[in-house]
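Structural overview for review
So the chains spell out like this:
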Amino acid sequence: MLALADAWVWDFWLAEDAGLYHCFFLHAPKALGDANLRHRNARIGHASSRDLVHWTEHAVALAPSPAGAFDDTATWTGSVLRGPDGLWRLFYTGAHFLSPDAATNIETIGVATSPDLFTWTKLPGPIVRADARWYETLGTSAWPEEAWRDPWVFADPDGEGWHMLVTARANAGDEFDRGVVGHAVSTDLETWQVRPPLSQPHSGFAHIEVTQVIEIGGRIIVLFCCDAPRLAGPNAGGIGGIWWAPAAGPVGPFDIAAARLLLPETWYAGRAVKDPEGRWVLLAFSMRAADGSFPGTISDPMPLGLDADGNLLVLEPATVVP
């Protein structure tokens, strides 16, 4: 388990290099007193492990930029990959809150590079933001944020550049049921073009957070998360948590309306990774303990598999540790 004595840990993403796993995670000091304040105080931390169980903490990878920057409030969720030039790239969400006492914020995507996964240099940003042709932008609805976060970047399976999946909202329809998987493409990992979403709105989710596409047992699946207060349509009033949905291919379309709950929201923001033996496992952060508190730790690996009907299952769920 990844836990810090003096900080809450939540959303995270992983990279593997020569058998060493690197976990990049959001964290904020417990000295804040209230875990709900963590989002405005998020930094990107870094730890490494050989087995996904025992972790060594390293220096902070990224922190917010000075006032006026697109990421001047907080640095939020992202992904890491190595480009063809050998450089590692950390794509992340920059959060800019418009005032200290309101939830109104603008989210855009930035990037930092590293030769070794330990020392990071931010590049000028943002590199991509919500395009009003397809996506909701701040002020066009009652929603309090311009949602464009959680970039998941991967190579095109046919070798035609790179794809970015983004937590976004459609620009029309029921304001509470606009969650979609946003999409951007690049030929060089530097210049990005926004494309239409890879899923349809009115699928039962106000937002579709922390997406990841995996292929397991010959089936392509998109993982994401949504909490109970942001379930919409036929899902309203149900249990939130970590979800999975069928995918026609690595770049969709994604049938989010057919999503099924993988784990309830005692766990959140699950990430799938192959363990040292090459088996798919899931890690997730602990969202809620039995007493209702926020533990803010990252689980040990939970094995993943498919049942006889091709449904994704967590074979051995972990226990939330307060």
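Everything here concerns the structure above.
**Some thoughts on the pairing of strand β12 (residues 179-186)**
- Of all eight residues making up β12, eight are buried, and the element is well covered by its neighbours.
- Summarising the sheet, strand β11 (residues 162-169) and β12 pair through eight bridges and their orientation is antiparallel. Residue Arg169 lies in a different strand from β12, and its bridge partner there is Gly179.
- Examined bridge by bridge, β12 and strand β13 (residues 193-195) share three bridges and lie antiparallel to one another.

**Some remarks on the sheet that holds strand β18 (residues 267-274)**
- The antiparallel open sheet is built from four strands, whose spatial order is β18-β19-β20-β21. The open sheet has two edge strands, β18 and β21 (312-314), and neither has a second partner. Shown here is a sheet whose adjacent strand axes are inclined to one another by a mean of 35 degrees, direction ignored.
- Two elements, β18 and strand β19 (residues 280-286), share six bridges in a ladder whose sense is antiparallel. If you follow Arg271 over to β19, its bridge partner there is Leu283.

**Observations concerning the side chain of Arg89**
- Mapped onto the fold, Arg89 is located in strand β6 (residues 88-97).
- When its relative accessible area of 6% is taken as the criterion, Arg89 is described as buried.
- There is a polar contact of 2.8 Å between the side chain of Arg89 and the side chain of Asp85.
- Apart from the residues within four sequence positions on either side, Arg89 is in contact with Ser79, Val80, Leu81, Gly83, Val111, Ala112, Thr113, Trp120, Leu189 and Glu190.

**Here we look at the pairing of β19**
- Counting buried residues in β19 gives seven out of seven residues, a clear majority hidden from the surface.
- What sits between β18 and β19 in their antiparallel hairpin is a turn of five residues, with Gly278 showing a positive phi close to 85 degrees.
- Where β19 lies against strand β20 (residues 302-306), two bridges are found, and the strand directions are antiparallel. Along β20, the bridge assignment pairs Val281 with Pro303.

**Section: the packing of aromatic side chains**
- Under the counting rule described, the total for this entry stands at 11 aromatic pairs.
- Ring centres of Trp76 and Phe97 lie 6.0 Å apart, and the angle between their planes is 80 degrees; on these two criteria the pair is classed as edge-to-face. Taken together, the residues Trp76 in strand β5 (residues 74-82) and Phe97 in strand β6 connect sequence positions 21 residues apart. As far as the burial class goes, Trp76 and Phe97 line up, both buried.
- Arranged with centres 5.0 Å apart and planes meeting at 85 degrees, the rings of Phe205 and Trp243 form a pair that is edge-to-face. Separated by 38 residues along the polypeptide, Phe205 in the loop between β13 and β14 (209-216) and Trp243 in strand β16 (residues 241-246) bring together distant segments of the chain.
- A residue is classified by how much of its surface remains accessible, and Trp243, at 7% relative accessible area, is buried.
- Aromatic ring contacts, followed pair by pair, group Phe205, Phe224 and Trp243 into a single cluster.
- The ring of Trp10 is capped by Arg38, whose NZ or CZ atom sits 5.1 Å from the centre of that ring.
- The ring centre of Phe294 lies 4.0 Å from the NZ or CZ of Arg38, which sits over that ring.

Each value, and the rule that gives it
- Residues numbered from 1 in each chain as written.
- Predicted model: local features only at pLDDT ≥ 70, side-chain atom pairs only at ≥ 80, totals over all residues.
- Heavy atoms only, no water.
- Buried < 20%, exposed > 50% of the residue type's maximum accessible area, 1.4 Å probe, protein only.
- Helix = DSSP H or I, 4+ residues; strand = E, 2+ residues; numbered from the N terminus.
- Pairing = 2+ DSSP bridges.
- Axes fitted to C-alpha atoms, helices over the stretch in contact; angles between N-to-C directions.
- Polar contact = N/O pair within 3.5 Å; in protein donor to acceptor, adjacent residues only side chain to side chain.
- Contact = heavy atoms within 4.5 Å.
- Phe/Tyr/Trp six-rings, centres within 6.5 Å; stacked < 30°, edge-to-face > 60°.
- Lys NZ or Arg CZ within 6 Å of the ring centre and 35° of its normal.

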